[in-house]
Amino acid sequence: ESDVVAFKYAGDFYGVAKMLVESFQGHSIPTDGLIPDDRGYSLVDTYGCIKSPKALIVRTRDISVFDDNDIEKFSVDTLRILETIAPNINHLALTIHGRYLFPEKDEIMIVRKQLDSIIKTLSKGDAPLFLRRITIVEIDSEYVLRLQIGLEHYLRNYGKPFENGWGFLLNPKYVGAE
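First things first, this report covers the structure right here in the doc. Note that this is a predicted model, so its numbers are computed, not measured.

1. Examining the overall build of the protein chain
Step number 1: Assigned secondary structure in the protein chain consists of four helices and seven strands.
Step number 2: Going residue by residue from the N terminus, the α and β elements of the protein chain occur as β-α-β-β-α-β-α-β-α-β-β.
Step number 3: The 178 residues of the protein chain split such that 42% are buried.
Step number 4: A separation threshold of at least 6 residues defines the contact pool for the protein chain, and within that pool the share at least 24 residues apart is 62%.

Take a look at the structure:
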């Protein structure tokens, strides 16, 4: 249950973002406000369709030209936008980007690229001031287990795992906090 969940809009909605649109439609909630405006994003109420009360939809390049650099840009843009429009949030949820777009690439490396961009952006202070938790969400439990195993050593460089094994507490020196 995050304060905001962020999705990409890459010329259309895909994956979990598409599920949000379908949920809105199933509850007769207008979806026209979901498409990012001229600023490149939209922040909308979710009306209880998902556990987060707000959804941030960030415009990215079209899915046909979306590449692994766009994964990094999406994470950076999301944090910077929220720094401006929602500086008091504590918890952000993001989906994993790239797994289905780049099946020929190492899935762990794709997620590391997303995590690297998040850590770099946090270390620069380009994020909401009170942000304390970022949750990366994924609906495929087998994929989550592979990521946990594949990312454990990498994330230990930045912090320590939670006792329940489902996350890491990052060391503040790596994310710009004191």
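And the narrative resumes.
2. Looking at the sheet that holds strand 5 (residues 133-137)
Step number 1: Read from one edge to the other, the open sheet built from five strands follows the order 2-3-1-4-5, with strand pairing classed as mixed. Of all the strands in the sheet, the pair left with one neighbour each is strand 2 (41-45) and strand 5. With strand direction ignored, the average angle separating the axes of adjacent strands in the sheet is 25°.
Step number 2: Contacting strand 1 (4-9), strand 2, strand 3 (54-59) and strand 4 (91-95), helix 1 (residues 15-26) crosses the sheet at an angle of about 105° to strand 1.

3. Quick notes on helix 4 (residues 141-156)
Step number 1: The end-to-end C-alpha separation of helix 4 is 22 Å, in line with the 22 Å expected for 16 residues at 1.5 Å each.
Step number 2: Roughly 40° is the biggest bend found in helix 4, and it falls at Gly-150.
Step number 3: Every buried residue belonging to helix 4 is among Tyr-143, Val-144, Leu-147, Leu-151, Tyr-154 and Leu-155, and all of these are buried.
Step number 4: Among the structural elements, helix 3 (107-123), strand 6 (159-161) and strand 7 (168-170) are those in contact with the buried residues of helix 4.
Step number 5: Sitting at the amino-terminal end of helix 4 is Asp-140, which places a side-chain oxygen 3.0 Å from the backbone nitrogen of Glu-142.

4. Some words on the packing of aromatic side chains
Step number 1: Using the criterion set out here, one finds two aromatic pairs in the structure.
Step number 2: On the basis of an interplanar angle of 65° and a centroid distance of 4.8 Å, the ring pair of Tyr-9 and Phe-13 is categorised as edge-to-face.
Step number 3: Note on Phe-13: relative accessible area 11%, which makes it buried.
Step number 4: Relative to Tyr-47, the ring of Phe-24 lies with its centre 6.0 Å away and its plane at 70°, an arrangement referred to as edge-to-face. Of the two residues, Phe-24 sits in helix 1 while Tyr-47 sits in the loop between strand 2 and strand 3, which places them 23 residues apart along the sequence.
Step number 5: By relative accessible area, which is 2% here, Phe-24 ends up buried.
Step number 6: The exposure class assigned to Tyr-47 is exposed, which follows from its relative accessible area of 57%.

5. Some words on the pattern of salt bridges
A side chain with one charge can pair with a side chain of the opposite charge if their charged atoms come near.
Step number 1: For the coordinates displayed, the defined rule picks out seven salt bridges.
Step number 2: The shortest N-O distance in the salt bridge between Asp-77 and Lys-73 comes to 2.6 Å. Here Asp-77 and its partner Lys-73 are both found in helix 2 (residues 68-85), four residues apart, which amounts to about one turn of the helix.
Step number 3: Put simply, Glu-107 and Arg-146 hold a salt bridge, and the shortest N to O gap is 2.6 Å. Pair noted here: Glu-107 is in helix 3 and Arg-146 is in helix 4, with a separation of 39 residues, a long-range link.
Step number 4: Glu-107 sits in the partly exposed class, given a relative accessible area of 22%.
Step number 5: Through salt bridges that share partners, Arg-61, Asp-67 and Asp-70 make up one connected network.

Conventions we followed
- Residues numbered from 1 in each chain as written.
- Predicted model: local features only at pLDDT ≥ 70, side-chain atom pairs only at ≥ 80, totals over all residues.
- Heavy atoms only, no water.
- Helix = DSSP H or I, 4+ residues; strand = E, 2+ residues; numbered from the N terminus.
- Buried < 20%, exposed > 50% of the residue type's maximum accessible area, 1.4 Å probe, protein only.
- Contact = heavy atoms within 4.5 Å.
- Pairing = 2+ DSSP bridges.
- Axes fitted to C-alpha atoms, helices over the stretch in contact; angles between N-to-C directions.
- Expected span 1.5 Å × (residues − 1).
- Bend = angle between axes of the 7 residues up to and from the residue.
- Polar contact = N/O pair within 3.5 Å; in protein donor to acceptor, adjacent residues only side chain to side chain.
- Phe/Tyr/Trp six-rings, centres within 6.5 Å; stacked < 30°, edge-to-face > 60°.
- Salt bridge = Lys/Arg side-chain N within 4 Å of Asp/Glu carboxyl O.

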